[in-house]
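Spelled out from the first residue to the last, the chains are:
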Amino acid sequence: PPTHAWDTDTCLMSPDEIRAIDGSIRQLPDDAQLVEFGSGYSTLYIASRLRGTQHLTSVEHHLAWHETVVAQLQRLTLSERVTAICVSLPDAGYANRQEEDVLPDSDAYFLPDVDWAPIRWVLVDGIMRNAVLTTMHPKLHPECVVYLHDAQREWYDTGRALYTRGWCTNLLQQLTP
């Protein structure tokens, strides 16, 4: 169960990561389309920072967690800014190499039904990050910016190798196709 407040100021990332996310969203056009892999506190945080007609699509694999996040988006009146997609898959663990194992019948997770042409911002912070980075790479607009959370983990090197590496905080790396 969550141990932190469900509000728009709680983001379980470092201050450097939060500054980077805030700054990158502010630089996007008012009609930007964003995608996030791995829903949670960051979903509420990002949704609360959107402006104009900016919209976030958030993809989650854990059904109960997805339902919790959706309920919090509704409670905070942020649900109109977010399309929450759940591709229910077995639990892959958390913060370990096993979360990188590609699960059976998981294509819908790392390749959700999203029109990738207008996407300009992606946060990869869920399971199967290499599969996500690899599968979406050829679909991304050249101006799209991708943020890989927990970028210090060497087991993300395969997916990260496809991108031009930008700046990196302790845990967040900016990538471009």
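Above this text sits the structure in question.
Quick look at the structure, then. Note that the structure is a prediction, hence the values are computed from the model and not measured. All chains use their own residue numbering, which begins from 1 and follows the written sequence. With pLDDT at 70 or above as the cut-off, local features in this predicted model cover only qualifying residues; side-chain atom pairs require 80 or more to be listed or tallied, and sums for whole chains, interfaces and linings still use all residues. Heavy atoms throughout the structure, all of them, feed into the side-chain values; hydrogens and water do not.

Digging into the pairing of strand β2 (residues 55-60)
Exposure categories follow from relative accessible area, calculated using a 1.4 Å probe and restricted to protein chains: below 20% of the type maximum is buried, above 50% is exposed, and the middle band is partly exposed. Helix and strand labels come from DSSP, where a helix needs a run of H or I of at least four residues and a strand needs a run of E of at least two; each type is numbered from the N terminus. In terms of burial, β2 is a largely internal element, six of the six residues being buried. Across the two faces of β2 the burial is the same, with His55, Thr57 and Val59 and Leu56, Ser58 and Glu60 all buried. Pairing between strands requires that DSSP locate at least two bridges from one strand to the other. As defined by bridge partners, strand β1 (residues 33-37) adjoins β2 across five bridges and the pair is classed as parallel. Opposite Leu34, over in β2, you have Leu56 as the bridge partner. For crossovers, right-handed means that the path from the first strand over the helix to the second runs clockwise, given strands pointing away from the viewer. Handedness of the crossover joining β1 and β2 through helix α2 (residues 41-49) is recorded here as right-handed. Relative to strand β3 (residues 82-86), β2 is paired through five bridges, and the arrangement is parallel.

A look at empty space enclosed by the protein
Grid points spaced at 1 Å over the protein atoms alone were grouped into cavities, where a 1.4 Å probe fits but cannot get out, and pockets, open sets with protein on both sides within 12 Å along at least five of seven lines, with lining residues defined by an atom within 4 Å of a point. Grid points are joined across faces, edges and corners, and a volume is the space filled by probe spheres set on the points. The tally for this structure, following the rule as stated, stands at one cavity of 30 Å³ or more. Considered as a void within the structure, the largest cavity measures approximately 30 Å³ in volume. Every residue along the wall of the largest cavity is listed here: Ser39, Thr43, Ser58, His66, Val69, Val70, Leu73, Val82 and Ala84. Put simply, the parts of the chain that give the lining of the largest cavity at least two residues each are α3 (63-75) and β3. Among the elements that line the lining of the largest cavity, the one with the most residues is α3, at four residues. Just so you know the grouping, Ala, Val, Leu, Ile, Met, Phe, Trp, Tyr, Cys and Pro go in nonpolar, Asp, Glu, Lys and Arg go in charged, and all remaining residues, Gly too, go in polar. The class makeup of the residues in the lining of the largest cavity is five nonpolar, four polar and no charged.

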